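Spelled out from the first residue to the last, the chains are:
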Amino acid sequence: MGKKRKQQQRVESSVTASLPKQEAVTLADQLGGDVLAKLKAAKHDLTAKEQAAEEEHQAKLAFERKQREKNKSFEELLNEYGDKGSKF
């Protein structure tokens, strides 16, 4: 059985190797220019939306950090800064 499988594999590989290579056709070639332009515009819009959402998220985190710092109790501030004295 092993010999038959090896022979079949050799025959299949020789058949595919003997076929003439076709020119590579890309998806961009198959699509019309208008459709391709729409896809590129949609990709650009999506990228811009994702970037804006990330910037908004970072701004929200910074605001929350400032609010936590602002609302710390005296005990929390003392534990954080200790007996260092004044920064100034």
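Everything below is about the structure shown above.
Residues numbered from 1 in each chain as written. Predicted model: local features only at pLDDT ≥ 70, side-chain atom pairs only at ≥ 80, totals over all residues. Heavy atoms only, no water.

1. Topic: the overall build of the protein chain
Step number 1: When its secondary structure is counted, the protein chain shows 4 helices and 0 strands.
Step number 2: Going residue by residue from the N terminus, the α and β elements of the protein chain occur as α-α-α-α.
Step number 3: Evaluated residue by residue, the protein chain yields a buried proportion of 0% over its 88 residues.
Step number 4: Per element, the accessible surface of the protein chain, about 9000 Å² overall, is 56% carbon and sulfur. (Helix = DSSP H or I, 4+ residues; strand = E, 2+ residues; numbered from the N terminus. Buried < 20%, exposed > 50% of the residue type's maximum accessible area, 1.4 Å probe, protein only. Areas by Shrake-Rupley, 256 points an atom, 1.4 Å probe, with all protein chains shown as cover.)

2. What to know about the pattern of salt bridges
Step number 1: Following the criterion strictly, the structure yields 3 salt bridges and no others.
Step number 2: Here Asp-34 and Lys-38 are joined by a salt bridge, their closest N and O atoms 3.9 Å apart. One end of the pair, Asp-34, and the other, Lys-38, are both in helix 3 (residues 33–70), 4 residues apart, so they sit about a helical turn from each other. Assigned by exposure class, Asp-34 and Lys-38 land together as exposed.
Step number 3: Put simply, Glu-69 and Lys-72 hold a salt bridge, and the shortest N to O gap is 3.3 Å. (Salt bridge = Lys/Arg side-chain N within 4 Å of Asp/Glu carboxyl O.)

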